[in-house]
Amino acid sequence: QVQLVESGGGLVQAGGSLRLSCVASGSIWRIDRMAWYRQAPGKQRELVATITSGGSTDYADSVKGRFTISRDNAKNAVYLQMNSLKPEDTAVYYCNVDVTNYSFLKSNYWGQGTQVTVSS
């Protein structure tokens, strides 16, 4: 099994910054794709950013130029640096990872979510 622990959410004023962290632990041989999703009240969960094992990144149009996803493979961690935050960024943010275990089985895991609230 794999556990994901997220941290870094909170309340911030519009224009401010936050950095989210997500650390994976457990039966991990390799982590491939890592991603951040978010879900605002009354809305569907949406993809925010992804990063491959090789470091290639992709972003939702709504966060391009403001958010940066990164990873530390030695720590099995993924980060989301969020700058110039807007009230519409308010949501619960979830990390999501594709893990290959020591039996070479691939599974997908979700973090527990961390609340980000941006006040106007």
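Here's a quick rundown of the structure. Note that this is a predicted model, so its numbers are computed, not measured. (Residues numbered from 1 in each chain as written. Predicted model: local features only at pLDDT ≥ 70, side-chain atom pairs only at ≥ 80, totals over all residues. Heavy atoms only, no water.)

### Re the nonpolar core
Grouped together as the largest cluster of nonpolar side chains are 32 residues, with contacts concentrated most on Trp36, Leu80, Met82 and Tyr93. When residues of this core are traced back to their parent elements, those giving at least two are strand E1 (2-7), strand E3 (18-26), strand E4 (30-39), strand E5 (46-51), strand E7 (67-72), strand E8 (77-82), strand E9 (91-100) and strand E11 (114-119). Of the residues forming this core, the biggest block, five residues, is contributed by E9. (Core = buried A, V, L, I, M, F, W, Y, C linked by side-chain atoms within 4.5 Å. Buried < 20%, exposed > 50% of the residue type's maximum accessible area, 1.4 Å probe, protein only. Helix = DSSP H or I, 4+ residues; strand = E, 2+ residues; numbered from the N terminus.)

### Some words on a nonpolar patch on the surface
On the surface, a cluster of nonpolar side chains totalling about 400 Å² of accessible area is made up of Trp29, Tyr102 and Phe104. Structurally, phenylalanine 104 is set in the loop between E9 and strand E10 (106-110). Since its relative accessible area comes to 56%, phenylalanine 104 is described here as exposed. (Patch = residues over 30% accessible without salt bridge, like charges linked within 9 Å, V, L, I, M, F, W, Y side chains within 5 Å. Areas by Shrake-Rupley, 256 points an atom, 1.4 Å probe, with all protein chains shown as cover. Salt bridge = Lys/Arg side-chain N within 4 Å of Asp/Glu carboxyl O.)

### Comments concerning the side chain of aspartate 32
With respect to the helices, strands and loops of the structure, aspartate 32 is situated in strand E4. In contact with aspartate 32, other than residues within four places in its own chain, are Ile51, Thr52, Ser53, Arg71, Asp98, Thr100 and Lys106. (Contact = heavy atoms within 4.5 Å.)

### A word on the packing of aromatic side chains
Within the structure shown, the criterion is met by three aromatic pairs. With a centroid separation of 6.4 Å and 85 degrees between ring planes, the pair formed by tyrosine 94 and tryptophan 110 is classed as edge-to-face. In this pair, tyrosine 94 is assigned in strand E9 and tryptophan 110 in strand E10, connecting sequence segments 16 residues apart. The exposure class assigned to tyrosine 94 is buried, which follows from its relative accessible area of 14%. An aromatic cluster is present here, built from Tyr37, Tyr94 and Trp110 joined pairwise through their rings. (Phe/Tyr/Trp six-rings, centres within 6.5 Å; stacked < 30°, edge-to-face > 60°.)

### Some thoughts on the sheet that holds E1
With antiparallel pairing, the four strands of this open sheet are ordered in space as E1-E3-E8-E7. The open sheet terminates on both sides in strands that have one partner only, identified here as E1 and E7. Strand-to-strand twist in this sheet, taken as the mean axis angle between neighbours without regard to direction, amounts to 15 degrees. Bridge count between E3 and E8: six bridges; the pairing is antiparallel. Bridge assignment links serine 21 to a residue of E8, and that residue is tyrosine 79. (Pairing = 2+ DSSP bridges. Axes fitted to C-alpha atoms, helices over the stretch in contact; angles between N-to-C directions.)

### Points about the pattern of salt bridges
Applying the stated criterion to the full structure yields six salt bridges. Put simply, aspartate 32 and lysine 106 hold a salt bridge, and the shortest N to O gap is 3.7 Å. You can see aspartate 32 sitting in strand E4 and its partner lysine 106 sitting in strand E10, a full 74 residues away along the chain. Lysine 106 gets classed as exposed once you look at its relative accessible area, which sits at 54%. We note a salt bridge from glutamate 46 to arginine 38, for which the minimum N-O separation is 2.6 Å. Residue classification places glutamate 46 among the partly exposed positions, given a relative accessible area of 35%. Within this structure, Arg38, Glu46, Arg66 and Asp89 form a network of salt bridges that share partners.

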